[in-house]
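Take a look at the letters that make up each chain.
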Amino acid sequence: MRRDPLIIGAGPAGTAAAITLARAGCCPIMIERASGPTDKVCGDFLSIDAIRRAQALGVDPASLGAAPIRYVRLIHRERVAQAALPFPAMGLSRRGFDAALLRHAQSVGAILRGGQTVRQLAREVAPPAAAPSANAALARVPLATSRLATTFPATAPVAGAPEAFAVLRAGRLDPAAATCQANAPPAAAPGQWTARTADQTAFSADTVFLATGKHDLRDLPRPRTDRGAVGMKMYFALAPDAARMLGDAIELTLFPGGYAGMQPVENGQAVLCIAIQRQALLRHGGTWATLLVRIQQHSRRFSALLAGARALLARPLAIAGVPYGYRSDALAAPGLFRLGDQAAVIPSLTGDGMAIALHSGASAAEAWLAGADSTAYHRALARTLRRQMRLAGLLHHACMTGSVQAAITQAAALFPALLHQAANRTRLASPQAPSGQPTGA
Ligand SMILES: Cc1cc2nc3c(=O)[nH]c(=O)nc-3n(C[C@H](O)[C@H](O)[C@H](O)COP(=O)(O)OP(=O)(O)OC[C@H]3O[C@@H](n4cnc5c(N)ncnc54)[C@H](O)[C@@H]3O)c2cc1C
């Protein structure tokens, strides 16, 4: 009998897989290091392909208060290019979106182990032929390296534990978990994967869905195709004039070495998310405060948007070493399915990472349910993403390069259809809206 996949990471990719598996009658277990809803470095832009995928999974962003986004603006210094988005889009905080997906995954039968960080992942093999018995200690095999175990970097659990993160500690299982546990053999068998958490709890499964997002396994890292990229984020309460100026648009301000996206989200707030080359961040003073001053000096419009704004987080969120352009085509191992950012990292300016995460999670689960192996899944995903990733990479590079930023913005101001096309062609094919669901905005 096949055992249900183990899901490591309960962001959009992991929960999409969990919902798909649970709906098919499986009992997937999600191991998640956070013990409560968290903010994440992300522009919070949900495009139509993400909205429809979320709806198909059973979560409607509109019902969570998401703000409609109808326009896209590209800003360089004082030049502004604007176009209507070719699809409905929304702004929704990751704290709200991820928690809703997770609640839903649990409501359809997935099990959450919250507040648990996976530190080791290894595949078991039978002992050498000379070994005395089948009960001898199982050997750990490396995946692509010669190390004996695959380890995750240590990370601290996040405070707070609302009901969606009800932690199932050893010896305290809810009835659904007990059903899953009853079906599970007590120890790992040859060929299976074993994940060990910080408190040394071991989870074994034939298949692992790796959905740790921006956080890599220490010994199974994604190749760093762009080591230098840094992502930063802050929520603001904008002054009334600035909120009116932003309206229902996503504004992308280009500045030397990076771009800054601002848009409304739920509860009348706005999110500012910046992608910048590491060297450029250092040139701009190396801190969030000095960077904001630099962008404000560069663009009067950006300065006007932030005039009188109140920061809503105690400090900005940041992540370094974002591997833009990465795709997992060559990293498949038997029984290991990479999902979301572990499968592909599309440049942030597209705002399509969450759509890819939801799609990869659901399609990995469907592939596994249909008996396909991980190589077939990774190849199919790579084919699906190839065109949009290629164009996104070119646009990202151009928007980061100071010498062409003015020309791009001028071209977009003269021909707004270019913005329209760029938005359309950096999207996953959009599934049909589930019957009875609005399209989104
Ligand atoms: C600057 C920036 C802006 C972006 N803006 C947008 C945007 O506007 N729109 C958009 O669609 N996409 C955007 N993205 C991309 C988007 O954030 C990602 O594609 C998306 O979060 C991927 O989802 P995921 O489920 O793969 O990973 P994540 O959302 O990162 O979830 C991974 C989960 O795994 C957990 N985890 C990590 N390590 C462990 C461990 N060892 N053990 C247990 N659990 C673990 C984490 O706590 C987390 O909950 C942006 C990205 C960046 C960097």
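Residues numbered from 1 in each chain as written. Predicted model: local features only at pLDDT ≥ 70, side-chain atom pairs only at ≥ 80, totals over all residues.

Enquirer: Honestly, the overall build of the protein in this entry has me stumped. Any pointers?
Expert: Regarding its fold elements, the protein presents 12 helices and 19 strands. Of all 441 residues assigned to the protein, the portion counted as buried reaches 48%. Counting contacts in the protein only where the partners sit at least 6 residues apart, residues at least 24 apart contribute 77% of the total. (Helix = DSSP H or I, 4+ residues; strand = E, 2+ residues; numbered from the N terminus. Buried ≥ 20, exposed ≤ 12 C-beta atoms within 10 Å, placed from the backbone. Contact = placed C-beta atoms within 7 Å.)

Enquirer: What is the right way to look at helix H2 (residues 48-57) in this model?
Expert: In an α-helix, one turn spans 3.6 residues; hence positions three or four apart end up facing the same way. Extensive coverage of H2 is indicated by the burial of nine of its 10 residues. Of all the positions in H2, only Ile48, Asp49, Ala50, Ile51, Arg52, Arg53, Ala54, Gln55 and Leu57 are classed as buried. Along its buried surface, H2 packs onto helix H1 (12-23), strand E3 (45-46), strand E5 (79-91), helix H3 (94-107) and helix H9 (353-369).

Enquirer: It is not clear to me how the pairing of strand E14 (residues 249-255) should be interpreted in this structure. Could you clarify?
Expert: Across a regular strand the side chains alternate sides, sitting on one face of the sheet and then on the other. Extensive coverage of E14 is indicated by the burial of six of its seven residues. Bridge count for strand E4 (residues 67-76) against E14 is six bridges, and the pairing is parallel. Its bridge partner lying in E14, Arg73 is registered against Glu251. The pairing of E14 with strand E15 (residues 258-264) spans five bridges and is antiparallel. The residue of E15 that forms the bridge with Leu254 is Tyr259. Adjacent in sequence and paired antiparallel, E14 and E15 are bridged by two residues, among which Gly257 carries a positive phi angle near 90°. (Pairing = 2+ DSSP bridges.)

Enquirer: Would you explain the site of the ligand in this entry?
Expert: Around the ligand sit 40 residues, and of these Gly11, Gly43, Gly213, Gly340 and Gly353 come closest. Broken down by secondary-structure element, the contributors of at least two residues to the shell around the ligand are H1, strand E2 (29-32), strand E16 (270-277) and H9. Considering each element in turn, the shell around the ligand owes the most residues, four residues, to H9. (Near = placed C-beta within 6 Å.)

Enquirer: Teacher, can you tell me more about the packing of H1 against H3 here?
Expert: Think of two packed helices as two axes; the pair is described by the angle between the axes and how far apart they sit. In contact at an axis separation of 9 Å, H1 and H3 are set at 20° when each is read in the N-to-C sense. With respect to each other, H1 and H3 are oriented roughly parallel. As for the relative orientation of H1 and H3, their crossing is left-handed in sense. Across the interface between the two elements, Pro12, Thr15, Ala18, Ile19 and Ala22 from H1 touch Asp98, Leu101, Leu102, His104 and Ala105 from H3. Split into classes, the residues belonging to the contact of H1 with H3 amount to seven nonpolar, two polar and one charged. (Axes fitted to C-alpha atoms, helices over the stretch in contact; angles between N-to-C directions. Parallel < 35°, antiparallel > 145°, perpendicular 65-115°, else oblique. Left-handed = near helix turned anticlockwise from the far one by under 90°. Nonpolar A, V, L, I, M, F, W, Y, C, P; charged D, E, K, R; others polar.)

Enquirer: Help me out: how do you make sense of the packing of H2 against H9 in this one?
Expert: For the pair H2 and H9, the least separation of the axes is 8 Å and the interaxial angle reads 40°. When you trace H2 past H9, the crossing you get is left-handed. Residues Asp49, Ala50, Arg53, Ala54 and Leu57 of H2 lie in contact with H9, whose contacting residues are Met354, Ala355, Leu358, His359 and Ala362.

Enquirer: Any chance you could explain the nonpolar core here in plain terms?
Expert: Within soluble globular proteins, side chains that are nonpolar generally end up buried alongside one another. Ranked by internal contacts, the top residues of the largest apolar core, which has 123 residues, are Ala17, Met30, Val208 and Leu339. The leading source of residues in this core is H9, at nine residues. Ignoring any residue separated from it by four or fewer positions in sequence, one finds Leu339 in contact with Ala13, Gly14, Ala17, Phe209, Leu210, Ala211, Ala357, Ser360, Gly361 and Ala364. (Core = buried A, V, L, I, M, F, W, Y, C linked by C-beta atoms within 7 Å.)

Enquirer: Teacher, can you tell me more about the sheet that holds E2 here?
Expert: Spatial ordering of the open sheet is given by E6-E2-E1-E12-E19, a layout of five strands whose pairing is parallel. Here the strands that pair on one side only, and so sit at the sheet edges, are strand E6 (111-114) and strand E19 (336-338). The average angle at which neighbouring strand axes cross in this sheet is 20°, direction not considered. As paired strands, strand E12 (residues 208-210) and E19 are joined by three bridges and run parallel to one another. Bridge pairing links Leu210 to Arg338 in E19.

Enquirer: Just to check I follow, could you spell out unusual backbone geometry for this structure?
Expert: Of all residues except glycine, most have a negative phi; of all peptide bonds, most are trans. Despite not being glycine, Asp44 shows a phi value in the positive range, around 65°. Within the secondary structure, Asp44 is located in the loop between E2 and E3. Judged by C-beta crowding, with 31 C-beta atoms within 10 Å, Asp44 ranks as buried. Even without being glycine, Asn267 reaches a positive phi, approximately 60°. Structurally, Asn267 is set in the loop between E15 and E16. Since 12 C-beta atoms lie within 10 Å of it, Asn267 is described here as exposed.

Purely geometric stuff here, so don't read any function into it on its own.
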